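Okay, here's what each chain looks like letter by letter:
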Amino acid sequence: MLNVKDGNLVVEEKGIYSVEKFLIARRLMYWQVYLHKTVISADALLVSILQRARELALEGHGLGNYHPLLHFLMNRVDENSFDDEALDLFLVLDDIDIMSSVKQWQFHEDSVLRVLSQSLLNRSLPRVKISKDEFSDADIFEASASASNRLGFSHEVISTFFVKTGILENHAYKSEGGGIRILKKDGRVCDVAEASDNYNLDALKETVTKHYLIHWG
C-alpha cells in the first residue's frame, strides 16, 4: 500500500484504515506506556542520580572505576568540546554503564546519591501527580516539606533532587512538515486527516498538555 508520487512517499487510499488504527494506537500507547506514571517517576529519579553524580564529580569526589559515563560526568563536555574522543566514548556508552554505576553508588559516602541510587534499584519510586493545570507554589512547597520530613535532607537538596515538576505533551500526529500523504484513486495527494472520514484524526493533531509533580509523600 506504499507508493511514490512526485518524489514523496505516499500511502494508497485503500490503506487509510491501517494508518488510522496506527495513529489512534500511538496516542493510546503514549498515555498508557511511554508517559505512564511509573516511567515518568523512574526517568526523573535517574536524572536526579546523574545530576548529583555530576555535581560530586566536578567537586572531585570519587565515583568508581573510569568508564565512558564517568568521562561525561567528570568533564565539561559541550558542543564546542565534543571531540573525536568524546564521540568514541559516547558511542560505546550504554545502559550497562549506567546501571553498574548506580549499583556502586548505592553504597556511596554521599547520602543524597546513596538514597537516590537505592531508591531506583529497589524500585522505591517517588509518586507522581498529574494535572491539566499547572501546580501552584503551595503544592510544590507542601511536597517539598513532606519529602524533607521523610528523608531528612535540607529544603535546597529536596527541591533540587527529590521534588520536580514538568510538562507532558502528547501529539499523536503532526501534519506540518509533510505528514502522512494519501494517494487518492484519482491521483490527487492529500493529508490523511483530510482524506479520512474519521473525525477523531483531526483531534489527534491537537497537542494534549498535562503537568506533573514528582513527590515523596
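What you are looking at is a predicted structure, and each value in this text was computed from that prediction instead of being measured. (Residues numbered from 1 in each chain as written. Predicted model: local features only at pLDDT ≥ 70, side-chain atom pairs only at ≥ 80, totals over all residues. Heavy atoms only, no water.)

Draft legend 1. Broad picture of the pattern of salt bridges. In this structure the tally under the stated criterion is five salt bridges. Here Asp110 ties to Arg52 by a salt bridge, and the two come within 2.8 Å at their closest N and O atoms. Taken as a pair, Asp110 in the loop between helix 5 (95-105) and helix 6 (111-121) and Arg52 in helix 2 (residues 37-58) lie far apart in primary sequence, 58 residues in all. The pair Asp110 / Arg52 is uniform in exposure class, with both members buried. (Salt bridge = Lys/Arg side-chain N within 4 Å of Asp/Glu carboxyl O. Helix = DSSP H or I, 4+ residues; strand = E, 2+ residues; numbered from the N terminus. Buried < 20%, exposed > 50% of the residue type's maximum accessible area, 1.4 Å probe, protein only.)

Draft legend 2. Structural detail: the confidence of the model for the chain. Summarising the model, the chain shows a mean pLDDT of 89, and 96% of its residues fall at 70 or more. Mean pLDDT across the elements of the chain ranges from a minimum in helix 10 (residues 200-204), with 67, to a maximum in helix 6, with 97. (pLDDT = per-residue confidence, 0-100.)

Draft legend 3. Representation of the packing of aromatic side chains. A complete count under the given rule lists five aromatic pairs for this structure. Look at Phe153 and Phe162: their rings are 5.4 Å apart centre to centre, the planes differ by 20 degrees, and that puts the pair in the stacked class. Among the aromatic side chains, those forming a connected cluster through ring pairs are Phe72, Phe82 and Phe90. The ring of Trp31 has Lys210 sitting right over it, with the charged end atom 4.4 Å from the ring centre. (Phe/Tyr/Trp six-rings, centres within 6.5 Å; stacked < 30°, edge-to-face > 60°. Lys NZ or Arg CZ within 6 Å of the ring centre and 35° of its normal.)

Draft legend 4. Region of the structure containing the side chain of His215. Residue position: His215 is located in strand 7 (residues 208-215). Those residues within four positions of His215 in sequence are excluded, and the remaining contacts are Pro126, Arg127, Val128, Lys129 and Ala143. (Contact = heavy atoms within 4.5 Å.)

Draft legend 5. Inspection of the environment of Asp88 at higher detail. Note on placement: Asp88 falls in helix 4 (residues 84-92). Along the primary structure Asp88 and His67 are separated by 21 residues, whereas in three dimensions their C-alpha atoms are 12 Å apart.

Draft legend 6. The arrangement of the packing of helix 7 (residues 137-151) against helix 8 (residues 155-162) in detail. Running from amino to carboxyl end, helix 7 crosses helix 8 at an angle of 110 degrees, the nearest separation of the two axes being 9 Å. The angle between helix 7 and helix 8 falls in the class roughly perpendicular. Contacts from Ser144, Ala147, Ser148 and Leu151 of helix 7 reach helix 8 at His155, Ile158 and Phe162. Residue composition of the contact of helix 7 with helix 8, by class: four nonpolar, three polar and no charged. (Axes fitted to C-alpha atoms, helices over the stretch in contact; angles between N-to-C directions. Parallel < 35°, antiparallel > 145°, perpendicular 65-115°, else oblique. Nonpolar A, V, L, I, M, F, W, Y, C, P; charged D, E, K, R; others polar.)

Draft legend 7. Structural detail: helix 7. With 15 residues, helix 7 ought to run about 21 Å at 1.5 Å a step, and its terminal C-alpha atoms sit 21 Å apart, in line with that. For helix 7, the complete set of buried residues consists of Ala143, Ser144 and Ala147. All buried residues of helix 7 project into a common sector of 100 degrees when viewed along the axis, lining one side. Exposed residues on helix 7 whose side chains face more than 90 degrees from its buried face are Ala138, Phe141, Glu142 and Asn149. (Expected span 1.5 Å × (residues − 1). Arc of directions from axis to C-beta.)

Draft legend 8. Examining the sheet that holds strand 6 (residues 189-191) more closely. Across the sheet, four strands lie side by side as 1-2-5-6; this open sheet has mixed pairing. The open sheet has two edge strands, strand 1 (2-5) and strand 6, and neither has a second partner. The average undirected angle you get between the axes of adjacent strands in this sheet is 50 degrees. The pairing of strand 1 with strand 2 (residues 8-12) spans four bridges and is classified as antiparallel. Pairing of Val4 across the sheet is with Leu9, part of strand 2. (Pairing = 2+ DSSP bridges.)

Draft legend 9. Region of interest: the environment of Arg181. Secondary-structure assignment places Arg181 in strand 5 (residues 181-183). Residue Arg181 is classed as partly exposed on the basis of its relative accessible area of 26%.

Draft legend 10. Local environment of the sheet that holds strand 7. The strand order across the open sheet formed by three strands is 3-7-4, and the pairing between neighbours is antiparallel. Unpaired on one side and paired on the other, strand 3 (127-131) and strand 4 (164-170) mark the two borders of the sheet. Geometrically, the sheet is characterised by an average inter-axis angle of 30 degrees between neighbouring strands, direction not taken into account. Examined bridge by bridge, strand 4 and strand 7 share seven bridges and lie antiparallel to one another. Residue pairing in the sheet places Glu169 in a bridge with Thr209 of strand 7.

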